[in-house]
Amino acid sequence: IEEQHLHAAIMQAVMRLAKQDTDVLHILKEQIRTGILGSDDGTGNTEVLQQRIALLDTEIDAKISSVTADNIEDYDDNVIMELLTEKSELEHRLQKAIEQNAVREGKKEKVQEVLQITDMLKNHPMKFDDKMLRKLLKRVEVLSTEEILITFAGGLQMREKMQDTLKRMPIRKG
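Treat the numbers as computed from the prediction; the structure is a model and nothing was measured.

## Side note on the overall build of the chain
A count of helices and strands for the chain gives six helices and three strands. Beginning at the N terminus, the succession of helices and strands in the chain can be written as α-α-α-α-α-β-β-β-α. In the chain, the proportion of contacts linking residues at least 24 apart, taken out of those at least 6 apart, comes to 65%. Element-wise, carbon and sulfur atoms account for 49% of the exposed surface of the chain, whose accessible area totals about 11800 Å².

Put into structure tokens, the structure is as follows:
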């Protein structure tokens, strides 16, 4: 398969997808968003973690402050150790969440760029743009001399017949 024919088939599939109903385009955008940003597993909620750590600090301080010479016999090291262990684990999760949020913020710009490209596709005929397609597509697989399989960044797949594209291509005489 000649490269120009492959390029034409890819662009035809991309344009066909962009002109399909808006539900398909919306699904593609969500898949791209999820594919680039990943799913939110709940570890990124720094505010909840910070609140729980603050509550643990208060509880630990209260337990330690309540110990006097009169009630030292009732003091239980295990309770304090459990609270300190939980606090340590939460602080570790908080640090990880802060790092994940920073990475996620960096990826948001990339998502916006790709989503703008999908919006442009709907109304504007486009020529082959390698840089743009690398952001929009995950993979192009040549199934045969007549057909390719295009996998978009979000996982959506489309088959494109090469012969349909070849019919519209001018024949080069060499």
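## Observations regarding the nonpolar core
Membership of the largest hydrophobic core comes to 15 residues, with the highest contact counts inside it found for Ile 10, Val 14, Leu 133, Leu 137, Ile 148, Ile 150 and Phe 152. Those elements giving two or more residues to this core turn out to be helix H1 (3-19), helix H5 (130-136) and strand S2 (147-152). It is H1 that contributes the most residues to this core, six residues altogether. Residues Leu 56, Leu 90, Leu 94 and Ala 97 belong to the second largest nonpolar core, which totals eight residues.

## As for the confidence of the model for the chain
Per-chain confidence: the chain averages 76 in pLDDT, with 67% of residues scoring 70 or above. Between the elements of the chain, mean pLDDT differs from a low of 59, seen in helix H6 (residues 162-168), to a high of 90, seen in helix H3 (residues 46-65). Every residue in residues 169-174 scores below 50 in pLDDT, and together they form four contacts with partners more than four places removed in sequence or on other chains.

## A look at H3
In a regular helix each residue adds 1.5 Å, so 20 residues correspond to 28 Å; H3 covers 28 Å between its end C-alpha atoms and thus fits that length. By the burial criterion, the buried members of H3 are Leu 49, Ile 53, Leu 56 and Ile 60. Buried residues along H3 cover an arc of 60 degrees about the axis, so they all sit on one side. Those residues of H3 that are exposed and aimed more than 90 degrees away from the buried face are Glu 47, Leu 55, Thr 58 and Ser 65.

## A short note on the pairing of strand S3 (residues 157-161)
On a regular strand, one side chain projects to one face of the sheet and the next to the other, so that they alternate. Of the two faces of S3, only one is covered, namely that formed by Met 158 and Glu 160; the face formed by Gln 157, Arg 159 and Lys 161 stays uncovered. Pairing geometry for S2 and S3, over five bridges, is antiparallel. From the neighbouring strand, Thr 151 faces S3, where its bridge partner is Gln 157. The turn joining S2 and S3, which pair antiparallel and follow one another in sequence, is formed by four residues; a positive phi near 110 degrees is taken by Gly 155.

## Quick word on the pattern of salt bridges
One pass over the full model with this rule turns up six salt bridges. A salt bridge links Glu 86 to Arg 52; the shortest N-O distance between them is 3.0 Å. One end of the pair, Glu 86, is in helix H4 (residues 77-123); the other, Arg 52, is in helix H3, with 34 residues separating them in the sequence. Using a relative accessible area of 26% as the deciding quantity, one classes Glu 86 as partly exposed.

## Considering the environment of Ser 144
Mapped onto the elements, Ser 144 comes out in the loop between strand S1 (137-142) and S2. Polar side-chain contacts of Ser 144 include one of 3.1 Å to the backbone nitrogen of Glu 146.

## Digging into the environment of Leu 94
Checked against the element boundaries, Leu 94 lands in helix H4. Accessibility expressed as a relative area gives 14% for Leu 94, which makes it buried. Residues contacting Leu 94, with those up to four places away along its chain left out, are Thr 46, Leu 49, Gln 50 and Ile 53.

Cut-offs and rules
Residues numbered from 1 in each chain as written. Predicted model: local features only at pLDDT ≥ 70, side-chain atom pairs only at ≥ 80, totals over all residues. Heavy atoms only, no water. Helix = DSSP H or I, 4+ residues; strand = E, 2+ residues; numbered from the N terminus. Contact = heavy atoms within 4.5 Å. Areas by Shrake-Rupley, 256 points an atom, 1.4 Å probe, with all protein chains shown as cover. Core = buried A, V, L, I, M, F, W, Y, C linked by side-chain atoms within 4.5 Å. Buried < 20%, exposed > 50% of the residue type's maximum accessible area, 1.4 Å probe, protein only. pLDDT = per-residue confidence, 0-100. Expected span 1.5 Å × (residues − 1). Arc of directions from axis to C-beta. Pairing = 2+ DSSP bridges. Salt bridge = Lys/Arg side-chain N within 4 Å of Asp/Glu carboxyl O. Polar contact = N/O pair within 3.5 Å; in protein donor to acceptor, adjacent residues only side chain to side chain.

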